[in-house]
Amino acid sequence: MSDIVTETGQDSGLPRRDPRLEWMARNRLHPEHLTALSRLSGTAGAVSEWMGPHGLIRRNPHAIGFVGPNGCKRIDRSGVQDGQGRAGGGQAGRTGAAQDSRRRVEIEAPAFWVAVVPDTAGGRLTDHDRDLLGLARCVADRLSEAPGAVLAVVFDARAGADDPLAGIGTDAGVDGARAQPAGIDGLDEAGADRVIRLPVPAGYAPEARLAALLALESTLTPRHWLLPDAGIGGGDLGRRLAVRLGERPATGLWRIDTDDAAESGWMCLCRSGSGRQERRRPLPRVALALAECAEPVVATRHAADSLSAQLAPQGAFPVARRGLEDLGAVAVDPAAIGLGEAEFILAAGNGVKDWPGFHRAAEALGATEGASRVAVDDGHMPRHRQVGATGTFVSARVYVAVGISGAIQHLQGIQRCDRVVAINADPGCDMVKRADLAVIADAGAVIAALVAAQVAVKKQGAGGGGELNGDVEGEVADQVERGRQRPDALSKEARHVA
Amino acid sequence: MSLERTRGPGDAGSRSAGARLEIGVLVSVGRHGVTERARRADLDARALELALAQRSQRGVGEVDIAACHVGASSDETDAALRDYLGMGLERLSLLEAREDVDALPVLLDHLRGNEAEGDKAAGPRLVLCGTRAEQGEGSGVLPFALAEALGWTMVSGVAAIEALEPDEGGWQATVLQALPRGQRRRLRVALPAVIAVDTAAPMPRQSAFGPARRGHIDRRPAGGEARVDEAVTEWPLTAAKVRSKRLKIVTATSARDRFKAAAAKAQGGTGQVLTDVTPEQGAEAILALLREEGVLR
């Protein structure tokens, strides 16, 4: 075998083909067939796929698959095996290129501009923002010979150290306070050709934001302004902008259709405030769109470059009237927040044995309490705290399931949660499969440790126990002990229904 | 801390003589969600509830409530307006105008009316209203347009009025604004201002029959420019179409990908599982995630 020349020339780096080796690889009756295959692929095992002399992909079914439990050879075509075999081989580059097949679109000289002001809750694009950018793409790309460009307007809140809202990640409105200076990810995938970052004060400053948008209006004059019609973010700012520009905005927009009779070339359908009626009208300059107004961009990638300096507004934006002052977030009792709109839920199931400890943990972490059906049926929690198909469908950003195994009805209820944490003794339960982070341990011990850690942090930070009363800390310490001393609880709570 | 600073002089000021405030409330005729019968609009009733709460808090002599409605007089409208009177109002003005007339110039004329008479401080310095109407277009633009035309401050999504106090040269309100996720934000608003009230505001009190009968509807012809709202005739409202449920879009390039997408089970599968850890280690990992998400206060 020493006489076989390798495929790649060592010195020049040019790919060199060895016809004899390829012939041996094709001829599976050749005594050195498998060796030739592995030589061609450059890996130790036999290769299953290679490029033939005419550019065709050749496959070797003998090199793939495994022997099943009944002694038959099985080939798994789900791609799992294939991908693993290929990972270290010479084909890796080709597979990687196939993964991102989105067309890259660059618009150098746009015929017009469509400005989008996403809400960017918590410094990220929301689904609503992506739909809105999809709508903007639709409007901008209508005429392929003169395409417009989509400009994403992002507010860069100068979040100071004393910013009261810096730690709060609620939706629209407080977004600016959390916006990272590095910018928002995924604007290129979502369909933005250009991005502009407008500096505004942190917190609720609609007047300053409006002034920034008006400065942009004077330098760029976009053909359309699109904002999400949701709450006090885009809904508030968009109406202010429309009134200032003297436009009658389209609110509750949920569909657009092309119409050459209309001045803008588009007709839109707008829901009335009650949602029972709608109005068909030409698309105005300012439009506030509902979620799912258009499909988000999936097939293309866009530049998302910064807007050029001569188009971007410079200097400070004059604010016409300063009648508002943001005094910061107000501490809200998490127990008073409805389960459906709670941001952070600590939910208990059958695995929780120490109910006072659970309530203490919810208080210490500042979480809203939830429960599985079993916990409610057993009378540990009130009915209005039940999460799931028969209770409340929740949309928390973080959902911590303590001792909940995850019945399908419960999992349906937490479908819209962003991050799920499971604390469970059974590693095989469905909740652990659903969770982003699962801790396989006794639930009681873990929540006791959570409280202990959180109390320690609060004590360190504020020089006291915060709003927790003094005796809680003492109880926490012996609760940790009790949690450790209950190994039998582990086996008992392993199987339970949520 | 800044809150206490404002509250100090405010408390003193409210007791001083002549600190009298007029609150305007814009009320509309609502529609019941199921029966579609005329009733008081829920959000406007919440706005009136905030105003009534201020009056009972500060005393009847200190706060005047001037509620007004623009629209055509009819039995349906009167019945709905009497719902507001039943909440404890003595009188309510009905600015009679045709249904297709733009309400903005009428309201501007009404609110500026007192200023024109030379008594600049007499008119309402604070106007409360619901975020959007329950019938008609209900776009929610009117409060913004009103504030813009009057040059007043505009706040939307308000859940509570914490304080109303005279400041140097004017009045100041401290309000709570409803954020998503049940959160609240405190704002200081310089009056004059238009405040749009959100569904997070307290439930309106029940309308009582006796006060509703006794209350007076003050009818007067609408002033200002009676401009027909061209949108009403040009773009008529139709019954809403059902929005189709969005389908999951699969952009697969091969048959295998399409099959995988069709047969995929709803599961993450990418989560991190910590086994054989002490409770303290587990708690630390959870707290790190909570801190990363920013939900810990």
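Everything discussed here concerns the structure shown above.
Residues numbered from 1 in each chain as written. Chains lettered and ligands numbered in written order. Predicted model: local features only at pLDDT ≥ 70, side-chain atom pairs only at ≥ 80, totals over all residues.

## Topic: the overall build of chain B
Alright, step 1. Counting its regular elements, chain B contains nine helices and 13 strands.
Alright, step 2. Across chain B, the fraction of contacts at a sequence separation of at least 24, relative to all contacts at a separation of at least 6, is 71%. (Helix = DSSP H or I, 4+ residues; strand = E, 2+ residues; numbered from the N terminus. Contact = placed C-beta atoms within 7 Å.)

## Describing the nonpolar core
Alright, step 1. With 131 residues, the main nonpolar core has Val116(A), Leu151(A), Val153(A), Val25(B) and Leu128(B) as its most contacted residues.
Alright, step 2. With eight residues, strand β7 (residues 149-158) of chain A is the single largest residue contributor to this core.
Alright, step 3. Residues in contact with Leu128(B), not counting those within four places in the same chain, are Ile23(B), Val25(B), Ala47(B), Leu50(B), Ala51(B), Ile195(B) and Val197(B).
Alright, step 4. Formed by 58 residues, the second largest nonpolar core is a distinct cluster that contains Val352(A), Met381(A), Val432(A) and Val439(A). (Core = buried A, V, L, I, M, F, W, Y, C linked by C-beta atoms within 7 Å. Buried ≥ 20, exposed ≤ 12 C-beta atoms within 10 Å, placed from the backbone.)

## Describing unusual backbone geometry
Alright, step 1. Looking along the chain, the bond that leaves Leu191(B) and enters Pro192(B) is cis, with omega of 5°.
Alright, step 2. Mapped onto the fold, Pro192(B) is located in the loop between β9 (184-190) and β10 (193-197).
Alright, step 3. Unlike most non-glycine residues, Glu292(A) shows phi in positive territory, near 60°.
Alright, step 4. The topology assignment puts Glu292(A) in the loop between β13 (286-289) and β14 (300-302).
Alright, step 5. The class of Glu292(A) is partly exposed, set by 17 C-beta atoms lying within 10 Å.
Alright, step 6. Of note, Asp276(B) is a non-glycine position whose phi angle comes to about 50°, a positive value.
Alright, step 7. On the secondary structure map, Asp276(B) appears in the loop between β13 (272-274) and α9 (279-293).
Alright, step 8. Accessibility expressed as a C-beta count within 10 Å gives 7 for Asp276(B), which makes it exposed.

## Section: the sheet that holds strand β11 (residues 216-221) of chain B
Alright, step 1. Across the sheet, ten strands lie side by side as β16(A)-β9(B)-β8(B)-β7(B)-β10(B)-β6(B)-β1(B)-β4(B)-β5(B)-β11(B); this open sheet has mixed pairing. Across the chains shown, the open sheet's two edge strands, defined by having one partner strand only, are β16 (324-330) of chain A together with β11 of chain B. Put simply, the sheet's adjacent strands are angled 30° from each other on average, direction ignored.
Alright, step 2. Bridge count for strand β1 (residues 21-26) of chain B against strand β6 (residues 126-130) of chain B is three bridges, and the pairing is parallel. The residue bridging Ile23(B) from the neighbouring strand is Leu126(B), located in β6(B).
Alright, step 3. Strands in contact with helix α2 (residues 42-58) of chain B are β1, β4 (63-71), β6, β7 (153-167) and β10 of chain B; relative to β6(B), the strand with the most contacts, it is inclined by about 140°. (Pairing = 2+ DSSP bridges. Axes fitted to C-alpha atoms, helices over the stretch in contact; angles between N-to-C directions.)

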